[in-house]
Amino acid sequence: MTEETIFSKILKREIPCDEVYSDEHCIAFRDIQPQAPVHILVIPRKTIASLKEVETSDKNLLGHLMIVSAKIAKEQELENWRTVINTGEEAGQTVFHLHIHIIGGRKLLWPPG
Ligand code: AMP
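Caption draft 1: Unusual backbone geometry, seen in detail. Between Trp110 and Pro111 the backbone carries a cis peptide bond, its omega angle lying at 0 degrees. With respect to the element layout, Pro111 can be found in the segment after strand E5 (100–104). Phi is positive for Arg13, which is not a glycine, with a value near 65 degrees. Mapped onto the fold, Arg13 is located in the loop between helix H1 (6–11) and strand E1 (19–22).

Caption draft 2: Just the environment of Phe7, in detail. If you trace the backbone, Phe7 turns up in helix H1. Assessed through its relative accessible area of 6%, Phe7 is described here as buried. The spatial distance from the C-alpha of Phe7 to the C-alpha of Val20 is 15 Å, given a sequence separation of 13 residues. Beyond its immediate sequence surroundings of up to four residues, Phe7 is in contact with Phe29, Leu41, Ile43, Val95, His97 and His99.

What counts and how
- Residues numbered from 1 in each chain as written.
- Predicted model: local features only at pLDDT ≥ 70, side-chain atom pairs only at ≥ 80, totals over all residues.
- Heavy atoms only, no water.
- Helix = DSSP H or I, 4+ residues; strand = E, 2+ residues; numbered from the N terminus.
- Buried < 20%, exposed > 50% of the residue type's maximum accessible area, 1.4 Å probe, protein only.
- Contact = heavy atoms within 4.5 Å.

Printed below as a string of structure tokens:
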């Protein structure tokens, strides 16, 4: 049985989101607690809990998500941005449906905390 997450509910339109992009493989929407002027999440329609669970057969999907994230960042007129995938609780993952953060619109520090 696959676990229900807030993002699977967003995908099923059971809860709303501020959508910025959608196609047959993924959707993207604004993070509800933005950490920067632009903070968008790209999520696959396929249920994958995290990068730990990806398989070789997900290669095209993962490539697609990265290409979509770059397209969205450019549409948001970002010159610089960070793409982040938190994997596991201690790395900051709170929603166990794979997602790419697009964060930009301010100077970003390195290393992240
Ligand atoms: P992570 O901590 O990497 O798992 O990222 C999960 C992100 O989802 C956090 O940045 C949350 O602010 C964001 N989030 C949680 N619920 C929602 C929601 N309903 N709509 C948009 N973003 C959300």
